[in-house]
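# A closer look at the structure
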Amino acid sequence: GGAGGGGAAPSSSTPVERRVFTNQRELCWEARDEYFACLDKHGDDNKQACAALHDVFNERCFASWVKHFEARRAYEAQKRRRLAQLDDAAKR
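What comes next concerns the included structure.

## Considering the state of the cysteines
Throughout the structure, instances matching the rule amount to two disulfides. Paired through a disulfide, Cys-28 and Cys-61 show a sulfur-sulfur distance of 2.0 Å. The sign of the S-S torsion, about 105 degrees, decides the handedness of the disulfide formed by Cys-28 and Cys-61: right-handed. Of this pair, Cys-28 sits in helix 1 (residues 15-42) while Cys-61 sits in the loop between helix 2 (51-60) and helix 3 (63-91), and the two are 33 residues apart along the sequence.

## Examining the nonpolar core
The tendency in soluble globular proteins is for nonpolar side chains to be buried side by side. Ranked by size, the top nonpolar core spans 14 residues in total, and within it Tyr-35, Phe-57, Cys-61, Trp-65 and Phe-69 carry the most contacts. Breaking this core down by element, the ones donating at least two residues are helix 1 and helix 3. Take this core: its biggest share by element is seven residues, from helix 1.

## A closer look at the packing of helix 1 against helix 3
One way to put it is that helix 1 packs onto helix 3 with a least axis distance of 12 Å and a crossing angle of 35 degrees. In this structure, helix 1 crosses over helix 3, and the sense of that crossing is right-handed. The residues of helix 3 that touch helix 1, namely those facing Phe-21, Arg-25, Cys-28, Trp-29, Arg-32, Tyr-35, Phe-36, Leu-39 and Asp-40, are Trp-65, Phe-69, Glu-70, Arg-72 and Arg-73. Its residues placed into classes, the contact of helix 1 with helix 3 shows eight nonpolar, no polar and six charged.

Quick notes on the rules
- Residues numbered from 1 in each chain as written.
- Predicted model: local features only at pLDDT ≥ 70, side-chain atom pairs only at ≥ 80, totals over all residues.
- Heavy atoms only, no water.
- Disulfide = S-S within 2.5 Å.
- Helix = DSSP H or I, 4+ residues; strand = E, 2+ residues; numbered from the N terminus.
- Core = buried A, V, L, I, M, F, W, Y, C linked by side-chain atoms within 4.5 Å.
- Buried < 20%, exposed > 50% of the residue type's maximum accessible area, 1.4 Å probe, protein only.
- Axes fitted to C-alpha atoms, helices over the stretch in contact; angles between N-to-C directions.
- Left-handed = near helix turned anticlockwise from the far one by under 90°.
- Contact = heavy atoms within 4.5 Å.
- Nonpolar A, V, L, I, M, F, W, Y, C, P; charged D, E, K, R; others polar.

Shape descriptors only; they carry no functional weight alone.
What follows is the structure, encoded as structure tokens:
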């Protein structure tokens, strides 16, 4: 799945190409937000509940963007867990 690699409109692109790219980016971000909201609701361990939204996310976004967004989500979750652990340790 995914719309391939890349992710940036070439600087030599025409105004029409830039508009198409901007629309694709907006569709990607919308799909990402819907998928991540589903994971927030159902839990990251329950990916099956969000499988259809995951498919749309993969269809609308470049593969490199999907990888980036998922890695960033995992990093942010790990950071929140670590901060919570430090906060708990400070309260003891």
